[in-house]
Amino acid sequence: PRRVDPPKKPDGETKRLTVGRDIILSGEITSCDVLVVEGRVEATLSNSHAIEISSTGNFKGKADIDEADISGSFDGSLSVRNRLLVRATGKITGTVRYGQLEVERGGEVTGDVQLVAGGSSSAS
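To keep things clear, this report deals only with the structure shown in the data block. These numbers come from a predicted model, not from an experiment. (Residues numbered from 1 in each chain as written. Predicted model: local features only at pLDDT ≥ 70, side-chain atom pairs only at ≥ 80, totals over all residues. Heavy atoms only, no water.)

1. Description of the packing of aromatic side chains
Part 1 of the reasoning: Enumeration according to the criterion identifies one aromatic pair in this entry.
Part 2 of the reasoning: Each ring, one from Phe59 and one from Phe74, has its centre 5.1 Å from the other, and the planes form 5°; the classification is stacked. Of this pair, Phe59 sits in strand S6 (residues 58-65) while Phe74 sits in strand S8 (residues 73-86), placing them 15 residues apart in sequence. Pair check on accessibility: Phe59 and Phe74 agree, each one buried. (Phe/Tyr/Trp six-rings, centres within 6.5 Å; stacked < 30°, edge-to-face > 60°. Helix = DSSP H or I, 4+ residues; strand = E, 2+ residues; numbered from the N terminus. Buried < 20%, exposed > 50% of the residue type's maximum accessible area, 1.4 Å probe, protein only.)

2. Some remarks on the nonpolar core
Part 1 of the reasoning: If you look at the biggest cluster of nonpolar residues, it comprises 25 residues, and the most contacted ones within it are Leu35, Leu45, Ile51, Phe59, Leu78, Leu84 and Ile92.
Part 2 of the reasoning: For Leu45, the residues in contact, after removing those within four places along its chain, are Ile29, Leu35, Ile51, Phe59, Lys62, Ala63, Asp64 and Ile65. (Core = buried A, V, L, I, M, F, W, Y, C linked by side-chain atoms within 4.5 Å. Contact = heavy atoms within 4.5 Å.)

3. Observations concerning the pairing of strand S4 (residues 40-46)
Part 1 of the reasoning: Going residue by residue along S4, you find Val41, Ala43 and Leu45 tucked away on one face and Arg40, Glu42, Thr44 and Ser46 left uncovered on the opposite face.
Part 2 of the reasoning: When strand S2 (residues 24-30) meets S4, the two strands line up parallel, connected through seven bridges. Counted as the bridge partner of Ile24 is Arg40 from S4.
Part 3 of the reasoning: For S4 and S6, the ladder comprises six bridges, and the chain directions are parallel. Counterpart to Ala43 in the pairing with S6 is Gly61. (Pairing = 2+ DSSP bridges.)

4. Examining the side chain of Ser71
Part 1 of the reasoning: Looking at the element boundaries, Ser71 is found in the loop between strand S7 (67-70) and S8.
Part 2 of the reasoning: A relative accessible area of 14% means that Ser71 is categorised as buried.
Part 3 of the reasoning: Look past the residues within four positions of Ser71 in its chain and what remains in contact with it is Ile53, Ser54, Ser55, Arg87, Thr89 and Gly90.

5. Observations regarding the pairing of strand S5 (residues 50-53)
Part 1 of the reasoning: Neither face of S5 is exposed, since Ala50 and Glu52 on one face and Ile51 and Ile53 on the opposite face are all buried.
Part 2 of the reasoning: Taken together, the four bridges between strand S3 (residues 34-37) and S5 define a ladder with parallel strand orientation. The partner of Leu35 across the bridge, within S5, is Ile51.
Part 3 of the reasoning: The pairing of S5 with S7 spans four bridges and is parallel. By the bridge assignment for S7, Ile53 is matched with Ile70.

The structure is reproduced here in structure tokens:
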């Protein structure tokens, strides 16, 4: 699977948070370039570039980000300014806003789904 590339920093640093399998994290996450969810996260994600939810990952809460790559499950409010990719094993339930949408065969998106102004959509 294609990984989401965070924005390049002048000092070469990337603020990447990985929540591993069998890890449960709850709270508020801010200023994270890439959040990788392999375990379970119940949180609000803001001031961040991207989220990657692996097939074992589960995110419940609110996320306002630039890009998302969903192979696991997302339940809540998801706002993606650019590209939202739902993999074949991915499942999103809740309120979804996106700039561009790509759903692989088998991927599921359920709830209130809307294109944000200025975006374009494509499905495959």
